[in-house]
Amino acid sequence: MQQGADPVRPEESERVDAVDVIVVGAGFAGLYMLHRLREQGASARVFERGSGIGGTWFWNRYPGARCDVESMEYSYQFSEELQQEWEWTERYATQPEILRYAEHVAERFDLMRDIQLETSVVSATWDEAASRWEIRTDRGDRVSARFCVLATGCLSSTNHPAFEGAERFRGDTYHTGRWPHEGVDFTGKRVGVIGTGSSAIQSIPHIAAQAEHLFVFQRTPNYSIPANNHPLDPEFQRRIKAEYPAFRARNRAMPAGLDTHPNDESVLAVSAERREEVFESRWEHGGLPFMGAFNDLGTSHEANELAKDFLHRKIRALVDDPATADLLCPDQEVGCKRICVDTGYFETFNRENVRLVDVRTAPIEEITETGLRTADASYELDAIVYATGFDAMTGAILGIDIRGQGGESLRDAWSAGPRTYLGLQSAGFPNLFTVTGPGSPSVLSNMIPSIEQHVEWIADCIAYLDAHGHESIEAELPAQDAWVDHVNEVASATIYLGCNSWYLGANVPGKPRVFMPYIGFPTYVAKCEEVVSKGYEGFQLT
Ligand code: FAD
Ligand code: NAP
């Protein structure tokens, strides 16, 4: 709990019957939404499921959790004072440092008095006669609000594969996205980690260093680039702060809103020496900018093949046992699943106490009382870590029973996959907004700038409706249909549709296979601005 803050505790809170806006979620999106609304004189209340604020950085406390966007970029830019006063300590901030930052923001802008913790929103129902949302929580709150903003997070609803017998396991069970606050001591334990995505890749080296034995159960290997993390040079930080607004503006204009130092050469057009030199320097630099090495890695299969070959060679050079190295080399194209950023991941498989288990050829069949059984072997375990990710982008939204015009359920409206206009609204659900919703760049961008852009768009929209005497705003169906088609069309010209990623919902059995984020920051920002300049084109104002 943040010092000096004055949180509203559920048991102390008075029941609020009517506010202008209900915000669901108190991560970076919900915090800034609350601040903006307050600044423009709207009354707002935030409901947050967790016992603290910070969202992702509150829940994901697994060992090694840290950002893979550089600290100077992964932070709010809406307040010059805030960005000047906060000092980051490392190139990539750790989870505790980012959580401290979120708590600092909440305290600095006096946000806690409008945030109700340990409260889940369970339903939101549009009252057509009153043009208001009625929101209900698991604490019995019933609130009427003109607007409802879902700041529920793209990666906040954890994915728990339904393994046969999971409840029988007598050892300890953890999910990286719900890590115990007091931490976990794996000393002397036989641990199994299921999954090899970003969360696993960050935590595995730490768990391996502690556990007696670690089994890593891998279904799909992933590409990972070394972080090359280091303490932040105070002089570097001072230089950026001296021109912070210009630095932010420059990065916002880059693909994904992130400074990946994009190189505008085609990998297919350069010599073999030049190709190797660029890939090598990106590998040394570390992190996500690897994807900016050439301009066609995301769009040309032939180009991507060359990046793949380079990264396979790196894995083979890092991992001593050739059979293990083979298993760690991904088949999918580089970036089709989100690439990971690690510190010592591949080298961890050279440790005597670590074993990689391929559960693609021999899948996990059941969890037993004492461990786990795959199609061809049994493993005795004291603890199982599910690093199995999230029901991404739609999980948290559809976790709420949302009923719009004519009582239509959002779960029904999205039964074949999410449908939005600009990732901001869904037709049939007036005055309901999603921050970084499906159909917006969201997870394919540096998320804090994307969050700020959405929050500002929504806040400005509410101010516009008030100023012009409009009661409600709703996405029009034709505009939504055209936007969904556009999102799919853009994705189909890339390498993104060729693997089973969570971008496509493919990690959750039964989830419709639909590409959910929009590839196109910053052109997307211009599109949102154009829509406003044309009097909210594609939206119906009533
Ligand atoms: P969240 O932080 O997810 O907050 C949403 C909140 O809503 C949660 O606290 C949740 O409890 C609450 N909530 C949901 N449903 C309800 C409900 N029904 N009732 C009440 N409360 C509810 N992005 C990057 O750009 N760079 C990174 O390096 C990066 N690293 C990441 C590392 C991890 C481990 C994960 C999981 C994600 C990472 N992300 C990263 C994405 C990250 O989620 C965003 O950057 C950002 O923190 C999202 O903020 P948010 O407020 O939109 O959502
Ligand atoms: P993830 O990328 O979805 O990885 C989940 C892993 O669990 C995958 O390896 C998946 O295998 C495996 N898995 C799922 N169900 C399984 C099953 N039934 N049997 C066997 N294996 C199974 O989730 P994540 O690692 O939590 O990361 C999610 C996203 O959060 C990231 O992509 C990133 O955007 C963000 N994140 C960022 C950081 C960071 O570095 N800053 C850290 C963590 C998370 P398959 O691939 O075969 O499905």
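Model, not experiment: these values are computed from the prediction. (Residues numbered from 1 in each chain as written. Chains lettered and ligands numbered in written order. Predicted model: local features only at pLDDT ≥ 70, side-chain atom pairs only at ≥ 80, totals over all residues. Heavy atoms only, no water.)

## Re the sheet that holds strand β12 (residues 354–358)
Pairing is parallel across the open sheet formed by 5 strands, whose spatial order is β7-β16-β8-β9-β12. The sheet is open, and its two edges are formed by β7 (172–175) and β12, each paired on a single side. Mean inter-strand twist for the sheet, computed between neighbouring axes without regard to direction, equals 20°. Here strand β8 (residues 190–194) runs beside strand β16 (residues 383–386); their pairing, made up of 4 bridges, is parallel. Bridge assignment links V191 to a residue of β16, and that residue is A383. (Pairing = 2+ DSSP bridges. Helix = DSSP H or I, 4+ residues; strand = E, 2+ residues; numbered from the N terminus. Axes fitted to C-alpha atoms, helices over the stretch in contact; angles between N-to-C directions.)

## Here's the deal with helix α1 (residues 28–39)
Helical geometry note: an α-helix holds 3.6 residues per turn, so side chains three or four residues apart project in the same direction. With 12 residues, α1 extends 17 Å between its outermost C-alpha atoms, agreeing within 8% with the 16 Å of an ideal straight helix rising 1.5 Å per residue. The element α1 is largely enclosed, with a buried count of 10 among its 12 residues. Of the positions making up α1, those classed as buried are F28, A29, G30, L31, Y32, M33, L34, H35, R36 and L37. One or two positions beyond α1, positive phi appears at G41, with a value near 85°. (Expected span 1.5 Å × (residues − 1). Buried < 20%, exposed > 50% of the residue type's maximum accessible area, 1.4 Å probe, protein only.)

## Focus: the site of ligand 1
Among the 32 residues in the neighbourhood of ligand 1, the closest are listed as E48, T56, D68, Y74 and V121. Take E48: an N or O atom from its side chain is 2.7 Å from an oxygen atom of ligand 1. Backbone polar atom of V69 to an oxygen atom of ligand 1: 3.4 Å apart, as the coordinates give it. In isolation ligand 1 offers 980 Å² of accessible surface; the protein chains occlude 95% of this area. (Near = heavy atom within 4 Å. Polar contact = N/O pair within 3.5 Å; in protein donor to acceptor, adjacent residues only side chain to side chain. Areas by Shrake-Rupley, 256 points an atom, 1.4 Å probe, with all protein chains shown as cover.)

## What about the pairing of strand β4 (residues 121–127)?
Looking at chain direction, β4 and strand β5 (residues 132–137) are connected through 6 bridges and run antiparallel. Residue pairing in the sheet places D127 in a bridge with R132 of β5. The turn linking β4 back onto β5 is made up of 4 residues, and S131 within it adopts a positive phi angle of 50°. Sheet analysis places β4 next to strand β17 (residues 401–403), joined by 3 bridges and oriented parallel. Residue pairing in the sheet places S123 in a bridge with D401 of β17.

## Brief notes about the side chain of E97
Assignment of secondary structure puts E97 in helix α4 (residues 95–108). R100 provides the closest opposite charge to the buried, salt-bridge-free E97, at an N-O distance of 5.0 Å. A distance of 3.0 Å separates a polar atom in the side chain of E97 from the backbone nitrogen of T89. Residue contacts for E97: discarding those within four places in its chain leaves W86, E87, W88, T89 and E90. (Lys, Arg positive; Asp, Glu negative; His and termini not counted. Salt bridge = Lys/Arg side-chain N within 4 Å of Asp/Glu carboxyl O. Contact = heavy atoms within 4.5 Å.)

## Things to note about the sheet that holds strand β14 (residues 371–374)
Taking strand neighbours across the sheet as the criterion, the 3 strands line up as β13-β14-β15 in an open arrangement whose pairing is antiparallel. Strands with a single pairing partner mark the edges of an open sheet, and in this sheet they are β13 (364–367) and β15 (378–380). Strand after strand, the sheet turns through a mean of 20° between neighbouring axes, direction not considered.

## Section: the state of the cysteines
Here the structure, examined in full by the defined rule, presents 1 disulfide. Linked covalently through their sulfurs, C336 and C499 form a disulfide whose S-S length is 2.2 Å. Taking the torsion about the sulfur-sulfur bond, which here is approximately -105°, the covalent link between C336 and C499 counts as left-handed. Here C499 lies in the loop between α15 (477–492) and α16 (523–533) and C336 lies in the loop between α10 (322–328) and β11 (340–342), a separation of 163 residues in the sequence. Judged by its relative accessible area of 1%, C336 is buried. Between C67, a cysteine without a disulfide, and C340, which holds the nearest cysteine sulfur, the sulfur-to-sulfur distance is 14 Å. On the basis of relative accessibility, which here comes to 6%, the residue C67 falls in the buried class. Just so you know, C461 is unpaired, no disulfide at all, and the nearest cysteine sulfur is the one on C528, 11 Å from it. (Disulfide = S-S within 2.5 Å.)

## Comments concerning the packing of α1 against helix α14 (residues 447–467)
Relative orientation of the contacting elements α1 and α14 amounts to 35°, with a least axis distance of 9 Å. Of the two elements, α1 crosses α14, and the hand of that crossing is right-handed. Across from F28, A29, Y32, M33, R36 and L37 in α1, the residues of α14 making contact are I448, I451, E452, V455, E456, I458, A459, D460 and I462. (Left-handed = near helix turned anticlockwise from the far one by under 90°.)

## Remarks on unusual backbone geometry
Here F521 and P522 are connected by a cis peptide whose omega angle stands at 15°. Positionally, P522 belongs in the loop between α15 and α16. The phi dihedral of E118 is positive, around 50°, even though this residue is not glycine. Mapped onto the elements of the fold, E118 is located in the loop between β3 (115–116) and β4.

## Things to note about the pattern of salt bridges
Across all of its chains, the model carries 32 salt bridges by this definition. Note that R113 is salt-bridged to D114, the shortest N-O span being 3.9 Å. We classify R113 as partly exposed; its relative accessible area is 42%. For the salt bridge of E366 with R373, the shortest nitrogen-to-oxygen distance reads 3.1 Å. Using a relative accessible area of 29% as the deciding quantity, one classes R373 as partly exposed.

## A short note on the domain arrangement of the protein chain
Once the domains are mapped, the protein chain shows domain 1 (18–53 + 111–157 + 392–541) and domain 2 (190–386). Here the C-alpha centroids of domain 1 and domain 2 sit 31 Å apart. Taken residue by residue, the interface counts 16 residues in domain 1 and 20 residues in domain 2. For the pair domain 1 and domain 2, the summed buried surface comes to about 1,300 Å²; carbon and sulfur atoms form 61% of the total. When the area that domain 1 buries against domain 2 is broken down by residue, the three leading residues are I495, C499 and F521, summing to 43%. Taken together, domain 1 and domain 2 are joined by 0 salt bridges. Of the residues assigned to the side of domain 1 that touches domain 2, the class counts are 10 nonpolar, 6 polar and no charged. (Domains from an automatic or database assignment. Buried area = accessible area lost by both parts, 1.4 Å probe. Nonpolar A, V, L, I, M, F, W, Y, C, P; charged D, E, K, R; others polar.)

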